[in-house]
Amino acid sequence: MRFITEFRSSELAAGLLSQIRLKSRIPARLMEFCGGHTATIFKYGIRQALPATLEMVSGPGCPVCVTANADIDKAIALSQLPGVIITTFGDMLRVPGSRLSLQEAKAGGADVRMVYSTMDALKIANENADKSIVFLGIGFETTAPTIAASILQAKEKGIGNYYVLSLNKLCPPAIRAILDSGEVRLNGLICPGHVSAVIGSHPWGAIAREYHIPCVISGFEPVDILQCVSMLVVQIEKGEARVEIAYRRGVRPEGNLEALKLMEMVFEPAPARWRGIGELPASGLKLRGEYQQFDAELAFDIVTEPACEPEGCICGDILRGTKVPQDCPLFASTCTPEHPVGPCMVSSEGSCSAHYLYGGSLAG
Amino acid sequence: MCLAIPALIKSIDGVEAEAEIGGISRRISLQLTPEARVGDYAIVHTGYAISIMDQEEAEETLKILREMASLAEEPG
Ligand code: SF4
């Protein structure tokens, strides 16, 4: 496939690896924020292929994993209301909440439907005028504009039975929280490619300056990641801290202005709860007053019991990069992708699932 | 979850388009990329084009990486 196979070329990867080996002298720890990057890094054995000077840690960049249990409980409570159809992206179904997962709620009779796009959710709303359709708005800046677009469409077409439970999150505040905490010493950031396709490079430029940390925006193929690492190494060796775009075919410095415009029209920043990190100010999105009628939070009386975390699960520490899945006593014993205890084992972009599927054995 | 794949835009019909992803035809929304044209590769996330692939930049990146790889092959 064009623009995919070229960036999986082993020849180009080998060239980049030899550059990295040649240049990397200063020991450095790099964090990939994005779960999509984690998946690529593990699938292609990139950690093992890098020289001993470079250590990689995974960050909290999986929207499913960072959704707080209290919010999953809310979605489940909504699914129990009469006449409500829950629509959601696939991964959310299997994430255990405090007591149930959405999948279990569905088995118990709730109407929960997996959709590929908010357009599908709108279609369901259109075809089921007597029901209330709630879309679970999970995702980062990549996804938020698509949710904004669906709300604008619902307004334009007068679809009055479509609601969004906005659990959207913004990436830069989470990275700042991790850097502020000082729990993990980091020397470079692999910044998310498709989040940046929307927000552009400037938010990372500010982080690079303020925290004096090199930030490079990467694509999702193995050659993209190696190119990004190589650019980070050059900055680290020179003592620089700038934002650079390795993923130039997909990301422009200004981002996607149209997507930002729609997002801004529909949403405003709000505090959000992150699993493992806690509540962060202005790190989430809520619907603006003009679009209140679509806000599931306001439209329904959502009653939940106090949330509790799955016993023994250390997803929170893993999301902050302070622990690795092997530190968890449940890893690969009680907790597997077939029977996940925590969200990091459910999502294909979660650290526990990446470690479980690809382990540490693949090389090159 | 932010995964998005390049899809070739085959035809445009208002804010929607017919796009080919790995040999499969899909209907996508161009609501976030009004600049899209037939023949562009759109980066598609959950049914929406979120960015139009800059093909020149892609070629330029590949050119630089190929040069680097050929240098790496030469001994010494
Ligand atoms: S292995 Fe399972 S229980 Fe342990 S941290 Fe990961 S998801 Fe949680």
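A. Just the pairing of strand S10 (residues 267-274) of chain A, in detail. Residue and element names in this part refer to chain A. When S10 meets strand S11 (residues 278-287), the two strands line up antiparallel, connected through seven bridges. Its bridge partner lying in S11, Pro269 is registered against Leu285. Between the antiparallel neighbours S10 and S11 lie three residues, among them Gly276 with a positive phi of about 85 degrees.

B. Highlighting the interface of chain B and chain A. With 40 residues of chain B in contact, the opposing surface of chain A contributes 45 residues. Surface buried jointly by chain B and chain A totals about 3700 Å² across both partners, of which 66% is contributed by carbon and sulfur atoms. Taken together, the connections running from chain B to chain A amount to two salt bridges. The residue Glu57(B) makes a salt bridge to Arg248(A) at a minimum N-O spacing of 3.1 Å. Linking chain B to chain A there are 14 residue pairs in polar contact (both at pLDDT 80 or more). Listed by contribution, the elements that provide at least two residues to the side of chain B that touches chain A are strand S1 (5-13), strand S3 (24-29), strand S4 (41-45), strand S5 (48-52) and helix H1 (55-73) of chain B. The biggest single contributor to the side of chain B that touches chain A is H1(B), with 12 residues.

C. Local environment of the packing of aromatic side chains. Residues and elements named next belong to chain A. Tallying each qualifying case throughout the model produces seven aromatic pairs over all chains. Taking 6.4 Å as the distance between ring centres and 85 degrees as the angle between the ring planes, the aromatic pair formed by Phe220 and Tyr247 counts as edge-to-face. Pair noted here: Phe220 is in the loop between strand S8 (215-217) and helix H12 (222-238) and Tyr247 is in the loop between strand S9 (243-245) and helix H13 (257-266), with a separation of 27 residues, a long-range link. Here Phe220 matches Tyr247 in class, with each residue buried.

D. Local environment of the environment of Asp40(B). Residues and elements named next belong to chain B. Mapped onto the elements of the fold, Asp40 is located in the loop between S3 and S4. Along the sequence, Asp40 and Met53 sit 13 residues apart, while their C-alpha atoms lie 7.1 Å from each other. For Asp40, the residues in contact, after removing those within four places along its chain, are Ala7, Leu8, Ile9, Glu35, Ile52 and Gln55. A distance of 2.8 Å separates a polar side-chain atom of Asp40 from the backbone nitrogen of Arg37.

E. Region of the structure containing the side chain of Arg249(A). Along the chain, Arg249(A) turns up in the loop between S9 and H13. Residue class for Arg249(A) comes out buried when judged on its relative accessible area of 4%. Within the local environment of Arg249(A), its side chain forms a polar contact with the side chain of Asp224(A), the two groups lying 2.9 Å apart. Ignoring any residue separated from it by four or fewer positions in sequence, one finds Arg249(A) in contact with Phe3(A), Phe7(A), Glu221(A), Asp224(A), Ile52(B), Met53(B), Asp54(B), Glu57(B) and Ala58(B).

Conventions we followed
- Within every chain, residues take consecutive numbers counted from 1 along the sequence as written.
- Each chain takes a letter, starting from A, and each ligand takes a number, starting from 1, following the order in which they are written.
- Owing to the predicted nature of the model, reporting of local features is limited to residues with pLDDT of at least 70; listing and counting of side-chain atom pairs is limited to 80 or more, with chain, interface and lining totals taken over all residues.
- Neither water nor hydrogens contribute to the side-chain values; these are computed over all heavy atoms in the structure.
- A strand pair is defined by DSSP finding two or more bridges across the two strands.
- Counting from the N terminus, the helices are the DSSP runs of H or I reaching at least four residues and the strands are the DSSP runs of E reaching at least two.
- The contact criterion used is simple: two residues touch if any of their non-hydrogen atoms lie within 4.5 Å.
- Buried area, as used here, totals the accessible surface that two parts lose on assembly, with accessibility defined by a 1.4 Å probe and the loss added over both.
- Take a side-chain nitrogen of Lys or Arg and a carboxyl oxygen of Asp or Glu: if they are within 4 Å of each other, that pair is a salt bridge.
- Under this definition, polar contacts are N or O atom pairs within 3.5 Å; protein pairs additionally need one hydrogen-donor-capable and one acceptor-capable atom, and for neighbouring residues in sequence, both atoms have to be side-chain atoms.
- Pairs were defined over the aromatic rings of Phe, Tyr and Trp, the Trp ring being its six-membered one, requiring ring centres within 6.5 Å. Orientation was assigned from the angle between planes: stacked under 30 degrees, edge-to-face over 60, tilted for the rest.
- Categorising residues by exposure relies on relative accessible area from a 1.4 Å probe, with only protein chains included: less than 20% of the type maximum marks a residue as buried, more than 50% marks it as exposed, and the intermediate range marks it as partly exposed.

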